[in-house]
Amino acid sequence: MMSITVNGVEITDAMIAAESQHHQDAPSAIDATVQELILRELLLQRAATLAIEAASPEETIGLLLQTEVKITDPDEAACQQYYDNNPQSFVRGETVEGSHILFKASESEPVDTVLANAVLAEVKANPEKFEELARQHSSCPSGQQGGNLGQFGRGQMVPEFEQVAFSLNEGEVAGDLVETRFGLHIIRAGSKAEGAMVSFDEVKAKLAEFLSDVATRRAMNQYLQTLVSAAKIEGYTLPGTEAAQ
């Protein structure tokens, strides 16, 4: 890798080697490492400009951010607005009873889509045979219970399955096969419970915390972008700054 400098200060190979151990889980460990070192150097240079200094680089950066990144805590009106605009996020107790017939791929063979479509056609023509067909064809242990998965709430099933199950009326079978990471499913909805809205007073404190976190991340990103835009960085292009360099 060619030499990387931040306003003339070099990011050395030794620095990269030392930092990289903290980014082994990142999709690209080298990119995560270099980006972290560049941003840290920019922050420390900015702190030096403002004569901000503490016992360690981390504490120095903390003092700098306290000084320069101002966050306005969300007021009750902002919390109320988010609550009103996102009602689906504040429903508790909504459930649906679901049944399915699963066609799963094996190590040696792909999913038998011909069989899956044939069974779906048979279910549509004879809905009362769903349990029998589940026992006969389903790759899921629930097949022995006629495909019944019991009652479940939001967030308990994979998203593709959940979305379809909650969209069906009681007793309705999905018109198409549903694909998830487990295979292909024929899905039938059973009894449903609508659930109830959680009151604003119950979620107000957590909502304020969430909106504050969002505002902090946004302000931090804007602050870092400002530092990057004003800097001369050579040997590496930070994501999202191609046009600025």
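Look above for the structure.
Participant: Teacher, can you tell me more about the packing of aromatic side chains here?
Facilitator: Geometrically, a pair of aromatic rings is defined through the distance of the ring centres and the angle of the planes. For the structure shown, the criterion picks out six aromatic pairs. Aromatic side chains Tyr-83 and Phe-90 sit 4.9 Å apart centroid to centroid with 40° between the ring planes, which places their arrangement in the tilted category. Since its relative accessible area comes to 9%, Phe-90 is described here as buried. An aromatic cluster of three or more residues is present, and its members are Tyr-82, Tyr-83, Phe-90, Phe-200 and Phe-210. It is Arg-188 that lies over the ring of Phe-130; its NZ or CZ is 4.4 Å from the centre.

Participant: Where do I start with the side chain of Thr-5 in this structure?
Facilitator: With respect to the helices and strands, Thr-5 occurs in strand 1 (residues 4–6). According to the relative accessible area criterion, Thr-5 is buried, its value standing at 15%. Setting aside residues up to four positions removed in sequence, Thr-5 forms contacts with Glu-10, Lys-232, Ile-233 and Glu-234.

Participant: What's the story with the sheet that holds strand 2 (residues 9–11) in this structure? I'm lost.
Facilitator: Neighbouring strands of a sheet are bound in pairs by backbone hydrogen bonds; such pairs are parallel or else antiparallel. A sheet is described by the order of its strands in space; here three strands give the open sequence 2-1-9, paired in antiparallel fashion. Each having just a single partner strand, strand 2 and strand 9 (233–234) make up the two edges of the open sheet. In terms of strand pairing, strand 1 meets strand 2 through three bridges, oriented antiparallel. The residue bridging Ile-4 from the neighbouring strand is Ile-11, located in strand 2.

Participant: Just checking my understanding: could you explain the sheet that holds strand 7 (residues 183–193) for this structure?
Facilitator: The four strands lie next to each other as 5-4-7-6, forming an open sheet whose pairing is antiparallel. At either end of the open sheet lies a strand with only one pairing partner, and these are strand 5 (148–153) and strand 6 (178–180). Each strand of the sheet is rotated relative to its neighbour by a mean of 45°, with strand direction disregarded. The pairing of strand 6 with strand 7 spans three bridges and is antiparallel. Bridge pairing links Thr-180 to Gly-183 in strand 7.

Participant: Got a minute to help me understand the environment of Lys-124 in this structure?
Facilitator: Counting through the fold element by element, Lys-124 comes out in helix 5 (residues 113–125). Between the C-alpha atoms of Lys-124 and His-137, which are 13 residues apart in sequence, the distance is 15 Å.

Participant: Mind showing me how you'd approach the pattern of salt bridges here?
Facilitator: Charged atoms that come close allow side chains of opposite charge to pair. Applying the stated criterion across every chain, the model contains 11 salt bridges. Between Arg-46 and Glu-68 there is a salt bridge, with its nearest N and O atoms 2.8 Å apart. Of this pair, Arg-46 sits in helix 2 (residues 29–49) while Glu-68 sits in helix 3 (residues 57–68), and the two are 22 residues apart along the sequence. A relative accessible area of 28% means that Arg-46 is categorised as partly exposed. Look at Glu-68 and you get partly exposed, because its relative accessible area is 28%.

Participant: Explanation requested: the side chain of His-23 in the structure shown.
Facilitator: Topologically, His-23 is positioned in the loop between helix 1 (13–20) and helix 2. Overall, His-23 belongs to the buried group, its relative accessible area being 14%. Apart from the residues lying within four places of it in its own chain, the contact partners of His-23 are Ala-29, Ala-32, Thr-33 and Glu-36.

Cut-offs applied
- Residues numbered from 1 in each chain as written.
- Predicted model: local features only at pLDDT ≥ 70, side-chain atom pairs only at ≥ 80, totals over all residues.
- Heavy atoms only, no water.
- Phe/Tyr/Trp six-rings, centres within 6.5 Å; stacked < 30°, edge-to-face > 60°.
- Buried < 20%, exposed > 50% of the residue type's maximum accessible area, 1.4 Å probe, protein only.
- Lys NZ or Arg CZ within 6 Å of the ring centre and 35° of its normal.
- Helix = DSSP H or I, 4+ residues; strand = E, 2+ residues; numbered from the N terminus.
- Contact = heavy atoms within 4.5 Å.
- Pairing = 2+ DSSP bridges.
- Axes fitted to C-alpha atoms, helices over the stretch in contact; angles between N-to-C directions.
- Salt bridge = Lys/Arg side-chain N within 4 Å of Asp/Glu carboxyl O.

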